[in-house]
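# Structural description and commentary
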Amino acid sequence: MTISVFGTGYVGLVTGVCFAEMGNDVICVDIDEKKINRLNAGISPIYEPGLDELIESNLKEKRIQFTTDSDKAIASSDILIIAVGTPSDVDGSADMRYVLQVAESIATTMDRYKIIVTKSTVPVGTGKKIKEIIEKHLNRRNTNFGFDIVSNPEFLREGCAIEDCLKPSRVVVGCESERAKEIMTRLYEPFLKNGNAHITMDIASAEMTKYAANAMLATKISLMNEFSRLCEKLGADIENVRRGIGSDFRIGPHFIFPGIGYGGSCFPKDVKALIKMGEQQDEKMEILQSVESANQLQRNNFLKNIIKKFPNGLKGERIAIWGVAFKPGTDDIREAPSLDIIAGLLKAEAEVIVFDPVASEAASAYFSNQKIKFVENQYDAIEGASALVVVTEWKSFKEPNFEKIKKLLKAPIIFDGRNLFNLKNMKELGFFYHSIGRPLV
Ligand SMILES: NC(=O)c1ccc[n+]([C@@H]2O[C@H](COP(=O)([O-])OP(=O)(O)OC[C@H]3O[C@@H](n4cnc5c(N)ncnc54)[C@H](O)[C@@H]3O)[C@@H](O)[C@H]2O)c1
């Protein structure tokens, strides 16, 4: 099939590469010329395990092209996939400017039947809006090519995006015509050989499915975090509680790990957008409003506990941060808890030293002009530090050399936002160890 993907971010690039990997002819379009030049040189603009190899092999096999020329892409492809960003606007709603720009350029250029697929996370009603834009332009141009609008929300997880894309847990397709349904079924057939579900529905429900999925996951996280704060006060251990409730099949063991709150490019903005969608329909999203404030509270609480440990203030104290990415396996720092925690420490005049295996460049750009140092080895970060703060659960942090940590730190103090370490072990080693929702050691 001939496919063009608009937007070569975390979703568009991975999607384009995976469709090419299945033998399709793919054109990836972006307005960012620097990104496109790098991609044509075989350099991925993002860190995602397995992505570099797939870009290289598909470029070599000439199954994928990278361009800024959207007209050429529209003319050469039957399926046009919109995967541009939908960040939060100032009022919390999804900023639809990029999606609508792509829709406009498709509408003004298309010269035959096309399927226009929205993979970006978009408010319910966007498919309808894109349809109206295209109809309006086709009428103006006095032409009448048929076209179909499809909503095909993306569920990949950063850090394992290639695997998720090649073997999706399910594919959701919202469409109105048999023709679009058939083409989308054919497109995804090679990805669903394992029998996972291809779920078709109407466009509005597909658009809503994506928001509902993210809101449900964010809710699980915030609820567990709320329990964790109470556990700390009452002397219970949230990890025992987690095992206790996760074994109930109605609750399940996934996504109930306590921590310092969700971050990333999706949950925060999608929860906000859903609250806004409710507001526009005069339906108050009470639970989601709490989910959002509980998430912020969790970050603030963690920071407060660190500050409390230094009654004379943090001025001049060196604090080591392990991990700035919002989760392991990615260099994405959008809305990462680390950003609030580091900002709070800097505000308290602490000296901040950061190690992250892949996200330092992004964090350094974010904190440019601020007094913060990045190092290339996790142990270099803690040398002479007054405390170690674990923020992202990278694998290399899970079984570190504790004797070395103790020797390098000025005082054996660890704040662990991800509950990586064994309480008994930490006690025996003589650490002050503050984790999430577990007894203080
Ligand atoms: N990141 C994720 O894990 C994830 C998962 C599922 C769904 N989503 C959704 O997918 C969408 C994309 O997310 P992302 O993280 O890949 O975004 P991103 O910010 O990483 O990338 C968006 C890209 O679109 C490009 N762009 C903007 N306007 C364009 C235009 N007119 N033509 C071509 N390219 C244009 C930008 O230059 C950028 O490279 C969002 O709606 C997001 O909510 C993201």
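Here goes a summary of the coordinates provided.

Scoring rules and cut-offs
Residues numbered from 1 in each chain as written. Predicted model: local features only at pLDDT ≥ 70, side-chain atom pairs only at ≥ 80, totals over all residues. Heavy atoms only, no water. Pairing = 2+ DSSP bridges. Helix = DSSP H or I, 4+ residues; strand = E, 2+ residues; numbered from the N terminus. Axes fitted to C-alpha atoms, helices over the stretch in contact; angles between N-to-C directions. Near = heavy atom within 4 Å. Polar contact = N/O pair within 3.5 Å; in protein donor to acceptor, adjacent residues only side chain to side chain. Areas by Shrake-Rupley, 256 points an atom, 1.4 Å probe, with all protein chains shown as cover. Nonpolar A, V, L, I, M, F, W, Y, C, P; charged D, E, K, R; others polar. Core = buried A, V, L, I, M, F, W, Y, C linked by side-chain atoms within 4.5 Å. Buried < 20%, exposed > 50% of the residue type's maximum accessible area, 1.4 Å probe, protein only. Contact = heavy atoms within 4.5 Å. Right-handed = clockwise from strand over helix to strand, strands pointing away. 1 Å grid on protein atoms, 1.4 Å probe; cavity = no way out; pocket = protein on both sides within 12 Å on 5 of 7 lines; lining within 4 Å. Points joined across faces, edges and corners; volume = space filled by probe spheres on them. Phe/Tyr/Trp six-rings, centres within 6.5 Å; stacked < 30°, edge-to-face > 60°. Lys NZ or Arg CZ within 6 Å of the ring centre and 35° of its normal.

## Brief notes about the sheet that holds strand 7 (residues 170-175)
- Taken in spatial order, the eight strands of this open sheet run 3-2-1-4-5-6-7-8, and their pairing is mixed. In this open sheet, the two edge strands, each paired with only one partner strand, are strand 3 (64-67) and strand 8 (197-201). Pairwise comparison of adjacent strand axes, ignoring direction, gives a mean angle of 20° for this sheet.
- Pairing of strand 2 (residues 25-29) with strand 3, which is carried by four bridges, proceeds in the parallel orientation.

## Brief notes about the site of the ligand
- The immediate surroundings of the ligand are formed by 25 residues, with D30, K35, T86, E158 and K269 found nearest.
- Within the contact set of the ligand, an oxygen atom lies 2.5 Å away from a side-chain nitrogen or oxygen of K35.
- The separation between an oxygen atom of the ligand and a polar main-chain atom of T121 is 2.9 Å.
- Out of a free accessible area of 840 Å², the ligand has 89% covered by protein chains.
- Elements supplying a minimum of two residues to the shell around the ligand: helix 1 (10-21) and helix 5 (97-109).
- For the shell around the ligand, the leading source of residues is helix 5, giving three residues.
- Here the shell around the ligand is built from residues that sort into ten nonpolar, eight polar and seven charged.

## Things to note about the environment of K181
- Structurally, K181 is set in helix 8 (residues 178-188).
- Residues K181 and D148 lie 33 residues apart in sequence; the distance between their C-alpha atoms is 9.7 Å.

## Brief notes about the nonpolar core
- By size, the foremost hydrophobic cluster in this structure holds 56 residues, and its most contacted members are L345 and I405.
- Looking at which element gives the most residues to this core, the answer is helix 13 (residues 337-347), with five residues.
- Each residue touching I405, except ones within four places of it in the same chain, is listed here: W322, Y379, I382, L388, P400, I414 and F431.
- Counting residues in each nonpolar core, the second largest holds 39 residues, with V17, V26, L54 and V171 among its members.

## Some words on the pairing of strand 5 (residues 114-118)
- Most of strand 5 is tucked away, with five of its five residues classed as buried.
- Burial of strand 5 is two-sided: the residues K114, I116 and T118 facing one way and the residues I115 and V117 facing the other way are all buried.
- Of the strand pairs in this sheet, strand 4 (residues 79-82) and strand 5 are connected by four bridges, and their pairing is parallel. Residue pairing for strand 5: I81 is matched across the bridge by V117.
- Between the parallel elements strand 4 and strand 5, the chain passes through helix 5 in a crossover that is right-handed.
- Judged from the five bridges that link them, strand 5 and strand 6 (residues 147-151) form a sheet pairing that is parallel. Among the inter-strand pairings, K114 is bridged to a residue of strand 6, identified as F147.

## Focus: the environment of Y188
- Turning to its location among the elements, Y188 is positioned in helix 8.
- Here the alpha-carbon distance between Y188 and P168, two residues 20 residues apart in the chain, equals 9.6 Å.
- In this view, Y188 contacts F19, K119, N152, V171 and H198; residues no more than four positions away in its chain are not counted.
- Polar contacts involving the side chain of Y188 include one to the side chain of K119, which spans 3.0 Å.

## Topic: the sheet that holds strand 13 (residues 413-416)
- A sheet is described by the order of its strands in space; here six strands give the open sequence 11-10-9-12-13-14, paired in parallel fashion. Edge positions in the sheet fall to strand 11 (372-374) and strand 14 (432-434), since each of these pairs with one other strand and no more. Taken over all neighbouring pairs, the strand axes of this sheet differ in orientation by 20° on average, direction set aside.
- Helix 12 (residues 286-308) contacts strand 12 (387-390), strand 13 and strand 14 of the sheet and is inclined by roughly 175° relative to strand 13.

## Some remarks on empty space enclosed by the protein
- One pass over the full model with this rule turns up two cavities of 30 Å³ or more.
- Roughly 60 Å³ of volume is contained in the largest cavity.
- Taken together, R229, E232, Q298, N301, F302, N305, H434, S435 and I436 make up the lining of the largest cavity.
- At the level of secondary structure, the elements contributing two or more residues to the lining of the largest cavity comprise helix 9 (203-234) and helix 12.
- When grouped by side-chain class, the residues that make up the lining of the largest cavity number two nonpolar, five polar and two charged.
- Its volume calculated, the second largest cavity comes out at about 40 Å³.
- Lining the second largest cavity are T118, S120, T121, V122, S151, P153, A206, E207 and K210.
- With three residues, helix 9 is the largest single contributor of residues to the lining of the second largest cavity.

## Digging into the packing of aromatic side chains
- Under the defined criterion, the tally for this structure stands at 13 aromatic pairs.
- Ring centres of W322 and Y379 lie 6.2 Å apart, and the angle between their planes is 90°; this geometry places the pair in the edge-to-face category. Within this pair, whereas W322 is found in strand 9 (residues 318-322), its partner Y379 is found in helix 15 (residues 378-382), the two being separated by 57 residues in sequence. As far as burial versus exposure is concerned, W322 and Y379 are alike and both buried.
- Between the aromatic rings of F421 and Y433, the centroid separation amounts to 5.9 Å while the plane-to-plane angle is 35°, which identifies the pairing as tilted. One end of the pair, F421, is in the loop between strand 13 and helix 17 (423-429); the other, Y433, is in strand 14, and twelve residues separate them in sequence. Residue F421 shares its accessibility class with Y433, and that shared class is buried.
- Among the aromatic residues, those joined into a ring-pair cluster are W322, F355, Y379 and F397.
- The residue whose ring lies beneath R170 is F155, and the NZ or CZ to ring-centre distance is 3.7 Å.
- Above the ring of Y379, the side-chain terminus of K404 is found at 4.2 Å from the ring centroid.

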